[in-house]
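# Remarks on the overall topology
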Amino acid sequence: MLPLVLFDIDGTLLKTRSAGREALDEAFFAVHGWERATEGVHIGGSTDGMICEDVSRKFAAPVAVPAVQAHYLRGLSERLADPTRTTVCPGVFALLDALQGRAHVALLTGNWASGAAAKLAAARLGHAFGWGAYADDAVDRNHLLPIARARAASRGLSPTRFVIIGDTPSDIACARAGDGEVIAVETGFGDPAALAAATPDLQVSDLRSGADQVLRFLSR
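The structure presented is a predicted model; accordingly, all values stated were derived computationally and were not measured.

## Some words on the pattern of salt bridges
The full count for this structure, using the stated rule, is 13 salt bridges. Glu-22 serves as the salt-bridge partner of Arg-79, at 3.1 Å between the closest nitrogen and oxygen. With Arg-79 in helix H3 (residues 65–80) and Glu-22 in helix H1 (residues 19–32), this pair connects stretches of sequence that are 57 residues apart. Look at Arg-79 and you get buried, because its relative accessible area is 17%. Under the relative-accessibility criterion, Glu-22 is labelled partly exposed at 33%. Here the salt bridges do not stand alone but share partners, grouping Glu-22, Glu-26, Arg-79 and Arg-85 into one network.

Structure (structure tokens):
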């Protein structure tokens, strides 16, 4: 039996130079007329659904989520058409290659599935991930690991372990809430000290320099 490694996207696999936030702000303005809607709203480690709820509270008005989501995807795709917007984090391609035959891999992300697919395609990572748990599945990120467990079972998988790789304390909290393990990587939104304070099972500066540590941890 192999472990299931669940990758976060933003700050863990790739970066898009705030393309997601820009596209969300554009979508909120197009649908509701709200300017700088995500200003002051927690983004890193959140889910797209939770961002919508936070923006709703900020403006004391409901969000038309399907319309915002549709505008967001169009705006995100337009931005990601610029190849300079997307950067793959260090060591990602090599680690994914090294995990073949050693682990199952999937996504556990706060992105809506459509946004996740757009970002992965821009980074040429779409082939590596056939499924996952997304913001469409739950607004609260802490509910995503049980969903990933159920989805793995529905695919006939019986992982020995469930390990999240992410870049924020929210990824660590998600793993703990779902009785999983977690590797924190310092390439994204999380301050290294804040990550350490959240006590991940392993913390590495990036997936290139920390690749051997990650592989040893997964082979335990």
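We are not done yet, so read on.
## Side note on the packing of H3 against helix H5 (residues 113–122)
Contact geometry for H3 and H5: axes closest at 10 Å, N-to-C directions at 5 degrees. What the angle tells us is that H3 and H5 run roughly parallel. Here H3 contributes Gln-69, Tyr-72, Leu-73, Leu-76, Ser-77 and Leu-80 to the contact with H5, which in turn contributes Ser-114, Gly-115, Ala-118, Lys-119 and Ala-122. Looking at side-chain class alone, the contact of H3 with H5 contains six nonpolar, four polar and one charged residues.

## Here we look at the sheet that holds strand E1 (residues 4–7)
With respect to topology, six strands assemble into an open sheet ordered E5-E4-E1-E6-E7-E8, the strand pairing being parallel. Each of the sheet's edge strands pairs with one partner strand only, and the pair in question is strand E5 (132–133) and strand E8 (202–204). Its contacts with the sheet put helix H7 (residues 169–177) on strand E4 (104–108), strand E6 (162–166) and strand E7 (181–185), and the angle it makes with E7 is roughly 175 degrees.

Calculation criteria
- Residues numbered from 1 in each chain as written.
- Predicted model: local features only at pLDDT ≥ 70, side-chain atom pairs only at ≥ 80, totals over all residues.
- Heavy atoms only, no water.
- Salt bridge = Lys/Arg side-chain N within 4 Å of Asp/Glu carboxyl O.
- Helix = DSSP H or I, 4+ residues; strand = E, 2+ residues; numbered from the N terminus.
- Buried < 20%, exposed > 50% of the residue type's maximum accessible area, 1.4 Å probe, protein only.
- Axes fitted to C-alpha atoms, helices over the stretch in contact; angles between N-to-C directions.
- Parallel < 35°, antiparallel > 145°, perpendicular 65-115°, else oblique.
- Contact = heavy atoms within 4.5 Å.
- Nonpolar A, V, L, I, M, F, W, Y, C, P; charged D, E, K, R; others polar.
- Pairing = 2+ DSSP bridges.

All quantities given are derived from atomic positions and should not be read as evidence of function.
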